[in-house]
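As a plain string of letters, each chain reads:
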Amino acid sequence: MSAANAAQVAYWNDAAGRTWASKQDQIDRQIRPLGLAAMDRLAPAPGETLLDVGCGCGDTSLELARRVGAEGGVLGLDISVPMLEVARQRAAAAGARGLEFREADAQTAAFPGGRDAVFSRFGVMFFSDPVAAFCNLRSALKPGGRLAFVCWRPLAENLWMRLPAETAAGLIPPAPPPEPGAPGPFAFADPDRVRWILAEAGFTGVDIAPHDEAIGGLDLEGTVEMSFRVGPLGAILRERPDLAPMLRDRVREAVSPWLRGEAVYMPSATWMVSAGNPA
C-alpha cells in the first residue's frame, strides 16, 4: 500500500472504518439516493467495465454490477479493510457476477486500462494529491471513457451534518477551520477547484451541477445514534465521549422538527460531477 495517503489509510482502517462497517445498512439508507443520482448521470450500460473508487461496503459496486450485467465487470477499490470485508460478504450473499474488490489506493495503484467508466460516491475527496489521483484514474479509462462522481458542497449547506454538531457549541472550543482543499469530506466543496483538478488531470467536458435532496430514512432515535457515530458530531465524540450524555437530548430536540412520519429527512447539498477522457 502506498504511503501517499498514509493518514487516510490509518483513519479508514481504525475507528472510522469499523464504524462504517458496523453501520453499513443505516449509512447506505441515508446516502444511497445521492449515489443513485450520480450513477444515473454516468448511465452505465450492459457489458461495460467500470471502476468504483472508494467503494466502501460495496453498496454502489453491487448496483453498478447489476446495471452492467453478467457480460460487464466492476472493480471496487477502497483502502479500508473492515469495509471491504463487508463488501465481499455482501457480494457473495447476492451471488454477484463480474464483481471484484481490491484493497488499493486509487491515487497510486496500477490497474489495467481500457475501462469504460470510473464512478465514485463520496470516495474521491481524500487524496493528498488529487491531480495525481485523477491522472491515475484517467489512465484506467479507454479513450472516450467517462467519469462521474458525487461530492459534498460546503458543510454550511448540509444541515443533516451541521445541525447535530452545532449542539456541542459552548461545550468545546470552536474547531479551527480546515485548511482549504485539505483531504476530507468537504475538500471538493469549491466547484472551481474541482474543475481545475480535472482539467489538470486531462479530463474534458467537465460538468458540475448542484443537487439538493432531503436524505435520512432513519427513525428519530436511529438518527440521533447515527449522528453520534459519523459526521462532524461523531468526530467530536470520538475525542470527547464524556459529552455524549448531555448531547443526546439536545440532538433529539434539534432534529425532531425534521421528522416526516416515521423517519427523519434533512437537507443535503452535493455536486454531481461528470467528465470525459479525450478520444
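Let me begin by describing the structure that accompanies this report.

Once that is clear, we can look at the overall build of the chain. Scanning the chain for helices and strands turns up eleven helices and eight strands. On C-alpha atoms alone, the chain measures out to a radius of gyration of 19 Å, which is about the 19 Å that the 2.2 N^0.38 rule sets for 279 residues. The principal-axis extents of the C-alpha atoms in the chain amount to approximately 55 × 40 × 35 Å. Looking at the chain as a whole, 51% of its 279 residues qualify as buried. Sequence-distant contacts, at least 24 apart, represent 82% of the contacts inside the chain between residues at least 6 apart.

Right, let's talk about the nonpolar core for a bit. Judged by nonpolar contacts, the single largest core of 89 residues is most densely connected at Leu 51, Met 125, Phe 134, Phe 149, Trp 152, Phe 188 and Leu 198. Per-element accounting of this core gives the leading share, seven residues, to strand 5 (residues 141-152). Residues in contact with Met 125, not counting those within four places in the same chain, are Cys 151, Trp 152, Pro 183, Gly 184, Pro 185, Ala 187 and Phe 188.

Right, let's get into the packing of helix 7 (residues 159-166) against helix 10 (residues 231-239). Running from amino to carboxyl end, helix 7 crosses helix 10 at an angle of 35°, the nearest separation of the two axes being 6 Å. Only Pro 232, Leu 233 and Ile 236 of helix 10 make contact with helix 7, whose side of the interface consists of Met 161, Pro 164 and Ala 165. A breakdown of the residues in the contact of helix 7 with helix 10 according to their chemical character gives six nonpolar, no polar and no charged.

Taken residue by residue, helix 2 (residues 15-22) has Ala 16, Gly 17, Thr 19 and Ala 21 as its buried positions. Buried residues belonging to helix 2 abut helix 1 (6-12), helix 3 (24-42), helix 5 (81-94) and helix 9 (220-229).

Moving on, we come to the packing of aromatic side chains. One pass over the structure, following the stated rule, counts ten aromatic pairs. With 5.8 Å between their ring centres and 35° between their planes, Phe 134 and Phe 149 make a pair best called tilted. Here Phe 134 is found in helix 6 (residues 130-139), whereas its partner Phe 149 is found in strand 5, with 15 residues between them in sequence. Classification of Phe 149 as buried rests on a relative accessible area of 0%. A ring pair is formed by Phe 149 and Phe 188, whose centres lie 6.1 Å apart and whose planes are at 50°; its orientation type is tilted. Taken together, the residues Phe 149 in strand 5 and Phe 188 in the loop between helix 7 and helix 8 (191-200) connect sequence positions 39 residues apart. Both residues of the pair, Phe 149 and Phe 188, belong to the buried class. Ring-pair connections join several aromatic residues into one group, and the members of that group are Phe 127, Phe 134, Phe 149, Phe 188 and Phe 203. Lying over the aromatic face of Trp 271, Arg 153 brings its terminal NZ or CZ to 5.3 Å of the ring centre.

Parameters and conventions
- Throughout this description, residue numbers start from 1 for each chain and increase along the sequence as written.
- With pLDDT at 70 or above as the cut-off, local features in this predicted model cover only qualifying residues; side-chain atom pairs require 80 or more to be listed or tallied, and sums for whole chains, interfaces and linings still use all residues.
- Calculated side-chain values reflect all of the structure's heavy atoms, with hydrogen atoms and water omitted.
- Helical segments are the DSSP runs of H or I of at least four residues, strand segments are the runs of E of at least two, and each set is numbered from the N terminus.
- C-alpha atoms define the radius of gyration in this analysis, and the globule rule sets the expected value at 2.2 Å times the number of residues to the power 0.38.
- To sort residues, take the accessible area from a 1.4 Å probe on protein chains only and compare it with the maximum for the residue type: under 20% means buried, over 50% means exposed, and anything in between is partly exposed.
- In what follows, residue pairs with any heavy atoms lying within 4.5 Å of each other are defined as contacts.
- By nonpolar core is meant a set of buried Ala, Val, Leu, Ile, Met, Phe, Trp, Tyr and Cys residues that side-chain atoms within 4.5 Å join together.
- Fitted lines through C-alpha atoms give the axes, limited to the stretch in contact for helices. The angle between two N-to-C directions lies from 0 to 180 degrees.
- Put simply, Ala, Val, Leu, Ile, Met, Phe, Trp, Tyr, Cys and Pro go in the nonpolar bin, Asp, Glu, Lys and Arg in the charged bin, and everything else, Gly too, in the polar bin.
- Two aromatic rings, drawn from Phe, Tyr or Trp (for Trp, its six-membered ring), form a pair once their centres lie within 6.5 Å of each other, and the interplanar angle then sorts them: stacked below 30 degrees, edge-to-face above 60, tilted otherwise.
- By definition here, charges over rings are those cases where NZ of Lys or CZ of Arg is within 6 Å of the ring centre and within 35 degrees of the ring normal.

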